[in-house]
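What the coordinates show
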Amino acid sequence: MLLNDYITTDRASYRLAVIKSFESQASVKRTFAIDDAILHQLDAKAFPADAVLHFWPCEPTVFLGMQDSRLPHFHDALAVLQDSAYVPLLRSAGGLAVVGDPEVMNVTLLFRAGNKRPSLDQGYQCLTDLVNQLLRPYHQHVTTGEVAASYCPGRYDLSIAGRKVAGLAQRRVGDAIGIYMYISLAGDQAARANLIKAFYARGKQGETTRIQYPDIDPEVMTTLETYVPALRALDSFSQQCVNTLVTLDEPYVNYMAAEQVDYGDYLLKEHQRNQRLLHKEEG
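Overview of the structure. (Residues numbered from 1 in each chain as written. Predicted model: local features only at pLDDT ≥ 70, side-chain atom pairs only at ≥ 80, totals over all residues. Heavy atoms only, no water.)

1. Some points on the side chain of D157
Here D157 lies in strand β8 (residues 157-160). From its side chain, D157 meets the backbone nitrogen of V147 in a polar contact 2.7 Å long. With residues up to four places along the chain from it excluded, the contact list for D157 reads T143, T144, G145, E146, V147, S150, C152, K164, A166 and G167. (Helix = DSSP H or I, 4+ residues; strand = E, 2+ residues; numbered from the N terminus. Polar contact = N/O pair within 3.5 Å; in protein donor to acceptor, adjacent residues only side chain to side chain. Contact = heavy atoms within 4.5 Å.)

2. Structural notes on the layout of surface pockets
In this structure, the largest pocket occupies an estimated 270 Å³ of space. What lines the largest pocket is a set of 20 residues, among which L96, E146, C152, P153 and G154 lie closest to the centre. Broken down by element, the residue count for the lining of the largest pocket peaks at four residues, all from strand β9 (residues 163-173). Its residues assigned to classes, the lining of the largest pocket comprises 10 nonpolar, six polar and four charged. For the second largest pocket, the calculated volume is near 220 Å³. As for the second largest pocket, its lining consists of 16 residues, of which T8, R15, K45, D50 and R112 are closest to the centre. A class-by-class count of the residues in the lining of the second largest pocket yields six nonpolar, four polar and six charged. (1 Å grid on protein atoms, 1.4 Å probe; cavity = no way out; pocket = protein on both sides within 12 Å on 5 of 7 lines; lining within 4 Å. Points joined across faces, edges and corners; volume = space filled by probe spheres on them. Nonpolar A, V, L, I, M, F, W, Y, C, P; charged D, E, K, R; others polar.)

3. Details of helix α3 (residues 120-135)
Helix length check: α3 (16 residues) gives 23 Å between terminal C-alpha atoms against 22 Å at 1.5 Å per residue, within 8%. Among the residues making up α3, those that are buried are G123, Y124, C126, L127, T128, L130, V131, L134 and L135. (Expected span 1.5 Å × (residues − 1). Buried < 20%, exposed > 50% of the residue type's maximum accessible area, 1.4 Å probe, protein only.)

4. With respect to the pattern of salt bridges
By the definition in use, this model includes 14 salt bridges. The salt bridge partner of E259 is R30, with a shortest N-O separation of 3.0 Å. You can see E259 sitting in the loop between β11 (252-256) and α6 (264-278) and its partner R30 sitting in helix α1 (residues 30-43), a full 229 residues away along the chain. A single salt-bridge network, built from bridges that share partners, covers R11, R15 and D50. (Salt bridge = Lys/Arg side-chain N within 4 Å of Asp/Glu carboxyl O.)

Below is the structure:
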């Protein structure tokens, strides 16, 4: 069981909303606004579902963490991304840079905890278990543990055969919990890793920093396609996630459009944060 252990409802099963969108570089900021709006509405018991699966692949974007903004030559590092036609975006969950593009799936699992509140590790385990149940028919599984030479390394890196394919982050608002995952489905993972390697090299320029930024080795990362070609497509992966959760928990499922979420106030905050940190003048 995944969420049944943590969601308290007086119905036969919990209500699951599924949101799917493909975000352009111009619209990608709204994904974090949507998730923040859902978290606050879940916490206030004002959202028309108990849990949400939000799938949001996007055009080439590098999602930066707040620690990235503390690089000694941050604006020089941004030029590396912009020269590579990637849009930089500061995110509200997670610590360091990750890459998004049309062959990387971004997923957020959001829910309101009931009487039994999961710990941070248990929250991460919910999404890890979902991935492993999805992979079971293909005789593959992910293991958790930091891959130090990957980009955005963390205790809940997900690896197959020792190579990282996904990373997780988490954000909580009251009783509402959001677990964020990027998973590289296909494409040139070495190129993604080398882009972030160049970003940090330009951002540090040999200086010693208080924050430990990763020394990236592209060989420690790969794509899901390497092991499960059948899940390389965005639609196949997202539908298998939904099917797997339905099989395990048997929730009531409702598909929603992103536009049905009232996220306007949160989008303004995303614009303000990114304007302040990404576009201010150096000095």
